[in-house]
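# Survey of secondary and tertiary structure
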Amino acid sequence: MTTRERVQTGSLAGERRHVTALYYDIVGSTTLLNQLDPEEFGAMQRSLHNGAAALISDYNGYLERVHGDGGCAYFGFPESREDAAECAVASAIEIVEWCEKLARQSESSLKVRVGITTGVVVIADASKTNLPGATEIIGVAPALAARIQSEAAPNSVAVAEATYRLTMGAFEFEEIGPRHLKGFGEPVLLWRPLTRRQQFDRFTAYRRVSAPLIGREDELELCGRRWVRAANGNGQFILLHGDPGIGKSRLIAEFRRDLAAKGVRILVFQCQPRGNSEPLHPFLEPLRKAIADTTGNPDPDRDAVTRYLRSHGSELGALNAEIITFLVAGETEGGAGQAWQVDLSNEEIRARVVEAMLSLLTSPSVLGPLLLIIEDVHWADTLTKALVAKLNRWIETRPILAVVTSREAIAPDGFGDPNVLAVALSGLTAQATAELLSTIWEDYSPPDELVAFIYEKSDGVPLFAEQLALWIRERAKAGLPDRAGLEALLRADSILDLRDLLAARLASLGPLRRVAQIASVLGRQFRRKLLACVLELGPLAIPLDEAIEGLVQAGIVRRKSGGMEIRFRHVLIQEAAYESLLKSERQEIHTSVVNLIQSGVVPPLSDETMAWHFGQAGQPVQAARHAIQAAEACDVRSAMQEAENLLDFAEKQLAQAGRNAESNEQLLRLLTVRGPVVAALFGRGSKQARAIYERGVSLCATVKDRDRAEWFPLYWGWWFTAPDYQTQRARSDILVQDLEGSADPEVRLQSLHCAWATNIDAGLHSHCLKCVEQGLVLYDEDRACFNRGRYGGHDAKVCGLGERAFSLWFVGDDNGASESIIAAKRWAEHINHPNSMLHALEFEIELKRYRNDHPGVIAVSERIGELGRATPGVLAKAALFRAWAQGMSGDAAAGVMAFETELTRWREIATYEGAPVFEGMRSELFERAGRNDEALSILDSIIAASTGSGQVFWLAELLRQRAVLRHTLGESQEAVVADLRRALEVSTEQRAAPLASRVRLDLDRLRL
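Conventions used here
- Residues numbered from 1 in each chain as written.
- Predicted model: local features only at pLDDT ≥ 70, side-chain atom pairs only at ≥ 80, totals over all residues.
- Heavy atoms only, no water.
- Helix = DSSP H or I, 4+ residues; strand = E, 2+ residues; numbered from the N terminus.
- Buried < 20%, exposed > 50% of the residue type's maximum accessible area, 1.4 Å probe, protein only.
- Contact = heavy atoms within 4.5 Å.
- Areas by Shrake-Rupley, 256 points an atom, 1.4 Å probe, with all protein chains shown as cover.
- Salt bridge = Lys/Arg side-chain N within 4 Å of Asp/Glu carboxyl O.
- Expected span 1.5 Å × (residues − 1).
- Arc of directions from axis to C-beta.
- Pairing = 2+ DSSP bridges.
- Axes fitted to C-alpha atoms, helices over the stretch in contact; angles between N-to-C directions.
- Right-handed = clockwise from strand over helix to strand, strands pointing away.
- 1 Å grid on protein atoms, 1.4 Å probe; cavity = no way out; pocket = protein on both sides within 12 Å on 5 of 7 lines; lining within 4 Å.
- Points joined across faces, edges and corners; volume = space filled by probe spheres on them.
- Nonpolar A, V, L, I, M, F, W, Y, C, P; charged D, E, K, R; others polar.
- Core = buried A, V, L, I, M, F, W, Y, C linked by side-chain atoms within 4.5 Å.
- Parallel < 35°, antiparallel > 145°, perpendicular 65-115°, else oblique.
- Left-handed = near helix turned anticlockwise from the far one by under 90°.
- Phe/Tyr/Trp six-rings, centres within 6.5 Å; stacked < 30°, edge-to-face > 60°.
- Lys NZ or Arg CZ within 6 Å of the ring centre and 35° of its normal.

## Examining the overall build of the protein
Looking only at helices and strands, the protein has 44 helices and 16 strands in total. In the protein, buried positions account for 54% of the 1008 residues. Across the protein, every contact between residues at least 6 apart in sequence was considered, and the portion connecting residues at least 24 apart equals 70%. Just so you have it, the protein exposes about 44100 Å², and 49% of that area is on carbon and sulfur atoms.

Structure, rendered in structure tokens:
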């Protein structure tokens, strides 16, 4: 028997599986091998395979084999995944990027091609055979993927039609065209993926509320029981979650209908997929529209908003009404409407905004029980999610039933509370599917074979079952085919999933399809007037209202606001219509939209929507301008992640525009907004924040003939985020020099604010006093009200008076220092600004430490603790001083323990700019506790650090402390004298009279 005959193949056993196959191959590997040393080529080839394997694994793929210069992988195996095709395309794009990186590193011409296709294969178990490998994959897909990769351009990806249809919502593609491939009789249409789309959605709920609700009786009963509890004053929260199309919105529609018939007050809010860049977008847009309808003003001002809130008797209170007014109308010229958020942290602002919106949403409950519905929270912005998380506890004692829908389960605060119910919707049973189909085939009952077919294909998803039934009914008017005929219908129209099904339905609309396509460019929801104006630009086969009615009857759109607003029933329908347009035609329609708005023919849209239209219209600078404006609105509402997303979009648009004066100006605006956003997201001292400001200041230097005060926030952030003290000091000098000629007094004041805060650490007390004197002349109380939050979080005058107290003490004017501290506290009280009062007390407690006033330090620390709004950093700083004072005047060992504990906490929550003073205090405590060697080690470290950093204002005192400690430890007289002489030299150079006096006293006392 031959070897071939002895191979045991075993029987074919396994399963049929829908998978996506990926094949990659090095371009011209033989040529490369001739150009490179075999060892170099081998290393490069291994690097490519290793990177590809890692990327395939990252996207849950299975690398079946690597052979020579190529490899084959599968997605959707061994585990089935609905996003298998999407994962394959994403990994392929990154494999190409990895290859390009390797080529740059090796300075070679390394390139790769990737081919992808999707199809049915047989997964066979080969473990009981003599064949290599435990699994055998049989099907056309692997061979087709290998053939497709040979048609791809070098360093690109080619995919077959099936994969393209599954992933066209997730990626931008360009058509390669049909190709004749060896072994395949018919030409294969190929596509090239270019990049991942910014946003996409696989599918969403489709409501045909005229049909009876099928298979949700238990869920309806649950909602009804919770409503009874809520109506009695025990607020209830229901979360409905489940896959797209599972029937969340349909269930709510039925529940609403029952309550509406009983006269119940109902509020419905809808999160939007493209709306999640605006904070609280589900609530603000309806509120703006209601105010506009009431006042007759499409762009209501602050007074109109205030009148509207009062006229509806909202039990908001003055503060919440002011916050809502600001959210709707924004700030006015001069900063009005922003006073409520002055000096609040981002988290405090977010908390107040959420509370104000909760107050508004729930205020109708004072008139009777309220049903509050918030749909599609998976698309919500971060502030809306924060509101939802607090909603169940907010309504506990109110007659409100809140129903929230989401594709994912969420966890509101108190999720285990008795007033919270989470309902996961599952698919329909076969019986429920049959009942659903009976409502669609109204004239007769559908045959069992059709029910089984639709149930199997829809997997119990009501939307898919309904849409598939409607599609089959439209296709089978002459009679229902058998199962084979139904399968043939699906194959003929390439129906692979719900997206394909909706696209097929749109294609069957005749002239209505054109209206739906144009409407899809306007967005998920739009005004009839805008659609009419766009349609006037081209011929329309039927009258507009007739077309709209036809789309309503077809279940594509629905009317709102008396027919003046139109809304696609599902995002997926809108996207299917949008994707069916040529890119060039889309751009033309987007251009028409922005032209109509700019000419005033139709009212403007929100900034984020305008940014999208301008971007799609090929006007990147205008798109960036609107995106930046939308980001600014997010910033002032502390919606930082939404602001960052908008700024990402704006920066990409500006990159498309290229460098010119207009795009440079927009880029400076972008960086000005982005600095605080990045600082809030990643930290003020983060590399990301530092990079933003360094880039901004560098760009400012290229702008000619402009007052740099216009971009002062960039300069301030550049100074504030300096990586070390020496750099910060140098930057403060640049700020003063560059901005001393500015016409804006506030900018000149804040540049001096930087200078006095920096130069005092260098012991330049005369310069610091000069900067304070010049800055206080420029101070204006009204301007300061809105600049404290922007520049340091405290009042500039309070800071200047505090820094002046320090410098006056150092130069020997102790009475002047006391007077200046008193003035700082009085001014903080006058402006009624808690953060500035804390800042004044920070100066006072440190000044008392300079004087070694232990009781005074303890008294001020207690005062800081009494202020309810003391920030964690200020409290930790006060605790450090208190531990030092108590240890120095009482139990030294306890003082050391307390100081070390507080020092650890301080380092965790605050920057360590006070290190010279704190480490000097720490050394004193260790010395008093008899731990002299440790005290000396502390002084050695901080003296070296202080000298190296340039923070030398306390260096003379540290050197004096070390000299005395060295004398106590019996070290050489030369070392003691050297420290004292250097301390005297430093204090004399800084004109720090009290420190010089202490040194002279020790020289006399030690007779040196």
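## Structural notes on the environment of Leu522
Its location among the elements puts Leu522 in helix H19 (residues 511-522). For Leu522 and Gln574, which are 52 residues apart along the polypeptide, the C-alpha to C-alpha distance reads 9.5 Å. If we ignore the near neighbours within four places in the chain, the residues touching Leu522 are Leu530, Leu531, Val534, Val593 and His613.

## Let's talk about the pattern of salt bridges
Evaluated as defined, the whole model comprises 33 salt bridges. Where Arg863 meets Glu866, a salt bridge forms, and the shortest distance between an N and an O atom there is 3.7 Å. Here the residue Arg863 and the residue Glu866 both occupy positions in helix H37 (residues 854-866), the gap between them amounting to three residues, near one helical turn. A salt bridge links Arg960 to Asp1002; the nearest nitrogen and oxygen atoms lie 2.6 Å apart. A residue pair is termed long-range when its members are at least 10 positions apart, and Arg960 in helix H42 (residues 955-968) and Asp1002 in helix H44 (residues 993-1005) qualify at 42 residues. As far as burial versus exposure is concerned, Arg960 and Asp1002 are alike and both buried. What emerges from the salt-bridge pattern is a single network uniting Glu644, Asp648, Glu651, Arg674 and Arg695.

## Brief notes about the side chain of Asn932
For Asn932, the position within the fold is in helix H41 (residues 932-949). Every residue in contact with Asn932, bar those within four places of it in the chain, is listed here: Phe926, Glu927, Leu965, Thr968 and Leu969.

## Considering helix H30 (residues 725-739)
Because an α-helix packs 3.6 residues into every turn, residues spaced three or four apart end up facing the same way. In this model H30 runs 21 Å from its N-terminal to its C-terminal C-alpha over 15 residues, within 8% of the 21 Å that 1.5 Å per residue would give. Among the residues making up H30, those that are buried are Tyr725, Gln728, Arg731, Ser732, Leu735 and Leu739. Looking straight down H30, one finds that the buried residues subtend no more than 115° of arc, so they occupy a single side. Close packing links the buried residues of H30 with helix H28 (687-700), helix H29 (712-720), helix H31 (745-759) and H41.

## Regarding the sheet that holds strand E9 (residues 236-241)
Here five strands make up an open sheet; going across it, the order is E10-E11-E12-E9-E13 and the pairing parallel. Here the strands that pair on one side only, and so sit at the sheet edges, are strand E10 (265-270) and strand E13 (420-424). Taking each pair of neighbouring strands and ignoring which way they run, the sheet shows an average axis angle of 15°. Here E9 pairs with strand E12 (residues 400-406) via six bridges, running parallel. By the bridge assignment for E12, Gln236 is matched with Leu401. The sheet contacts of helix H8 (residues 248-260) involve E9, E10, strand E11 (370-375) and E12, and relative to E11 the element is tilted by about 160°.

## Notes on the pairing of E12
Within E12, seven of the seven residues are buried, which leaves the element mostly enclosed by the surrounding structure. With five bridges connecting them, E11 and E12 associate as parallel partners. In the sheet register, Ile373 faces E12, and the bridge partner there is Val403. Assessed by its sense of winding, the connection that carries the chain from E11 through helix H13 (residues 382-394) to E12 is right-handed.

## Regarding the pairing of strand E3 (residues 70-75)
Summarising burial for E3: six of the six residues are buried, a large majority. For strand E2 (residues 61-67) and E3, the ladder comprises six bridges, and the chain directions are antiparallel. Residue pairing in the sheet places Tyr62 in a bridge with Tyr74 of E3. Linking E2 back to E3 in an antiparallel pair, the connection comprises two residues, with Gly68 at a positive phi of about 60°.

## Quick word on empty space enclosed by the protein
In this approach the atoms are scanned with a rolling probe the size of a water molecule, which exposes any empty space left behind. One pass over the full model with this rule turns up two cavities of 30 Å³ or more. Volume-wise, the second largest cavity comes out at about 30 Å³. Lining the second largest cavity, in full, are Glu746, Leu749, Gln750, Tyr779, Ala784, Asn787, Arg788, His794, Asp795 and Ala796. Per-element tally for the lining of the second largest cavity: the top contributor is H31, with three residues. Classifying every residue of the lining of the second largest cavity by side-chain character gives four nonpolar, three polar and three charged.

## A few points about H28
Helix length check: H28 (14 residues) gives 20 Å between terminal C-alpha atoms against 20 Å at 1.5 Å per residue, within 8%. Every buried residue of H28 is accounted for by Ala689, Arg690, Ile692, Tyr693, Gly696, Val697, Leu699 and Cys700.

## A closer look at the nonpolar core
In terms of nonpolar packing, the biggest core is built from 82 residues, with Trp756, Trp809, Phe810, Tyr850, Trp884, Phe899 and Trp954 touching the most fellow members. Listed in part, the 80 residues of the second largest apolar core include Ile291, Val353, Leu654 and Ala709.

## Regarding the packing of H41 against H42
Viewed as axis vectors pointing N to C, H41 and H42 meet at an angle of 150°, and their least axial separation amounts to 10 Å. When the interaxial angle is binned, H41 and H42 end up roughly antiparallel. The hand of the H41/H42 crossing is left-handed. Across from Asn932, Ala935, Leu936, Leu939, Asp940, Ile942, Ile943, Ser946 and Thr947 in H41, the residues of H42 making contact are Leu955, Leu958, Leu959, Gln961, Arg962, Leu965, Arg966 and Thr968.

## With respect to the side chain of Arg998
Mapped onto the elements of the fold, Arg998 is located in helix H44. Among the residues examined, Arg998 registers a relative accessible area of 16% and is labelled buried. Non-local contacts of Arg998, meaning those with residues more than four positions away in its chain, are made with Trp809, Tyr850, Arg851, Asn852, Trp954, Glu957 and Arg960.

## What to know about the packing of helix H23 (residues 583-598) against helix H24 (residues 607-616)
Two numbers describe a pair of packed helices, the interaxial angle and the distance between the axes. Where H23 meets H24, the axes come as close as 8 Å, and the angle between the chain directions of the two elements is 130°. The angle between H23 and H24 falls in the class oblique. As for the relative orientation of H23 and H24, their crossing is left-handed in sense. Each of Gln587, His590, Val593, Val594, Ile597 and Gln598 in H23 lies in contact with H24, whose residues at this interface are Met610, Trp612, His613, Phe614 and Gln616. Of the residues in the contact of H23 with H24, the class split is six nonpolar, five polar and no charged.

## Some remarks on the packing of aromatic side chains
Applying the stated rule across the entire model yields 18 aromatic pairs. Cluster of aromatic residues (ring-pair linked, three or more members): Phe806, Trp809, Phe810, Phe843, Tyr850, Phe953 and Trp954. Just above the ring of Trp827 sits the side chain of Lys797; from NZ or CZ to the centre is 3.6 Å.

## As for the sheet that holds strand E14 (residues 525-527)
Spatially, three strands are ordered E14-E16-E15 in an open sheet, and the strand pairing comes out antiparallel. With one partner strand each, in any of the chains shown, E14 and strand E15 (557-560) form the two edges of the open sheet. For this sheet the average axis-to-axis angle between neighbouring strands, irrespective of direction, equals 25°. Sheet analysis places E14 next to strand E16 (residues 565-568), joined by three bridges and oriented antiparallel. Bridging from a neighbouring strand, Phe526 pairs with Ile566 of E16. Contacting E14 and E16, helix H20 (residues 528-535) crosses the sheet at an angle of about 75° to E14.

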